[in-house]
Amino acid sequence: MDVLINVFVALHIIGIASLLGGFLTQMKPMSAGTARFGPAMLHGALTMLVTGIALVGLNQADDNPVNNIKIGVKLAILVVILAVVYVKRDEETAPKGLFGAVGGLTVANILIATVWT
């Protein structure tokens, strides 16, 4: 079971890398007002959602403790990110504030995952 959990953790990290990488590659266009939400950001957020749900289930099945409040906060942030990226994915440009908010929420989700014990 530990190997399976570690595989899903790796996939979860790949998802966050895709979401954050998609944001970081658009930093220069964001300053010019031409940033857009790319497919990598959408797919990264979806990967995080699916693997995160799987990780909670696998950890509970293996009788590992799960901090449900932490998971709930991370899920709420991810749902907001996913909703914004999904709705705005086909637009030519994204508003600076909205694009920056997605980046900030992504970093907040990373910090919650790593700092909140």
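Before reading further, recall that the structure is shown in the block above.
Not measured: the values here are computed from a predicted model.

### Comments concerning the overall build of the chain
Part 1 of the argument: The helix and strand tally for the chain stands at five helices and zero strands.
Part 2 of the argument: Overall, the chain shows an N-to-C arrangement of helices and strands of α-α-α-α-α.
Part 3 of the argument: Its C-alpha atoms give the chain a radius of gyration of 15 Å, within 12% of the compact-globule value 13 Å for 117 residues.
Part 4 of the argument: Residue burial in the chain is summarised as follows: out of 117 residues, 31% are buried.

### A short note on the packing of aromatic side chains
Part 1 of the argument: Counted under the stated rule, the structure contains two aromatic pairs.
Part 2 of the argument: On the basis of an interplanar angle of 25° and a centroid distance of 5.2 Å, the ring pair of Phe 23 and Phe 99 is categorised as stacked. Within this pair, whereas Phe 23 is found in helix H1 (residues 2-24), its partner Phe 99 is found in helix H5 (residues 96-115), the two being separated by 76 residues in sequence.
Part 3 of the argument: A residue is classified by how much of its surface remains accessible, and Phe 23, at 9% relative accessible area, is buried.
Part 4 of the argument: Among the residues examined, Phe 99 registers a relative accessible area of 0% and is labelled buried.
Part 5 of the argument: For the pair Phe 37 and Phe 99, a centre-to-centre distance of 4.9 Å together with 35° between the ring planes defines the contact as tilted. Of the two residues, Phe 37 sits in the loop between helix H2 (27-32) and helix H3 (39-61) while Phe 99 sits in helix H5, which places them 62 residues apart along the sequence.
Part 6 of the argument: Connected via pairs of aromatic rings, a cluster forms that spans Phe 23, Phe 37 and Phe 99.
Part 7 of the argument: In this structure, Arg 89 packs its charged tip against the face of Tyr 86, placed 4.0 Å from the ring centre.

### Examining the packing of H3 against helix H4 (residues 68-88)
Part 1 of the argument: Put simply, H3 and H4 touch, their axes get as near as 9 Å, and they point 160° apart. Compared by their axis directions, H3 and H4 come out roughly antiparallel. For the crossing formed where H3 meets H4, the hand is left-handed. Contacts between H3 and H4 pair Met 41, Leu 42, Ala 45, Leu 46, Met 48, Leu 49, Val 56 and Gln 60 from the former with Asn 68, Ile 71, Leu 75, Leu 78, Leu 82, Val 85 and Tyr 86 from the latter.
Part 2 of the argument: Here the residues of the contact of H3 with H4 sort into 13 nonpolar, two polar and no charged.

### Comments concerning the pattern of salt bridges
Part 1 of the argument: In total, this model carries two salt bridges according to the counting rule given.
Part 2 of the argument: With a shortest N-O distance of 3.4 Å, Glu 91 and Lys 88 are connected by a salt bridge.
Part 3 of the argument: Look at Lys 88 and you get partly exposed, because its relative accessible area is 23%.
Part 4 of the argument: Arg 89 is the partner of Asp 90 in a salt bridge, and the nearest nitrogen-oxygen pair spans 4.0 Å.

About the criteria used
- Throughout this document, residue positions are counted from 1 along each chain, in the order its sequence is written.
- In keeping with the model being predicted, local features are shown solely for residues with a pLDDT of at least 70 and side-chain atom pairs are shown and tallied solely at 80 or more, while totals for entire chains, interfaces and linings include all residues.
- Computation of side-chain values: all heavy atoms of the structure, hydrogens and water removed.
- The way it works is that DSSP assigns letters per residue, a run of H or I at least four long becomes a helix, a run of E at least two long becomes a strand, and they are numbered from the N terminus.
- Note that the radius of gyration is over C-alpha atoms, with the globule rule given as 2.2 Å times the number of residues to the power 0.38.
- Buried residues are those whose accessible area, probed at 1.4 Å on protein chains only, stays under 20% of the maximum for their type, while exposed residues exceed 50% and partly exposed ones sit between those limits.
- Two aromatic rings, drawn from Phe, Tyr or Trp (for Trp, its six-membered ring), form a pair once their centres lie within 6.5 Å of each other, and the interplanar angle then sorts them: stacked below 30 degrees, edge-to-face above 60, tilted otherwise.
- The criterion for a charge sitting over a ring is simple: Lys NZ or Arg CZ within 6 Å of the ring centre, and within 35 degrees of the ring normal.
- Here the axes come from fitting lines to C-alpha atoms, over the contacting stretch only for helices, and the angles between their N-to-C directions go from 0 to 180 degrees.
- Convention used here: angles under 35 degrees read as roughly parallel, angles over 145 as roughly antiparallel, angles from 65 to 115 as roughly perpendicular, and any remaining angle as oblique.
- A clockwise turn of the near helix away from the far one marks a right-handed crossing, whereas an anticlockwise turn of less than a right angle marks a left-handed crossing.
- Note on definitions: a residue-residue contact is assigned when non-hydrogen atoms from the two residues lie within 4.5 Å.
- Any residue that is not Ala, Val, Leu, Ile, Met, Phe, Trp, Tyr, Cys, Pro, Asp, Glu, Lys or Arg is counted as polar, Gly included; the first ten are nonpolar and the last four charged.
- In what follows, salt bridge is the name for a side-chain nitrogen of Lys or Arg lying within 4 Å of a carboxyl oxygen of Asp or Glu.

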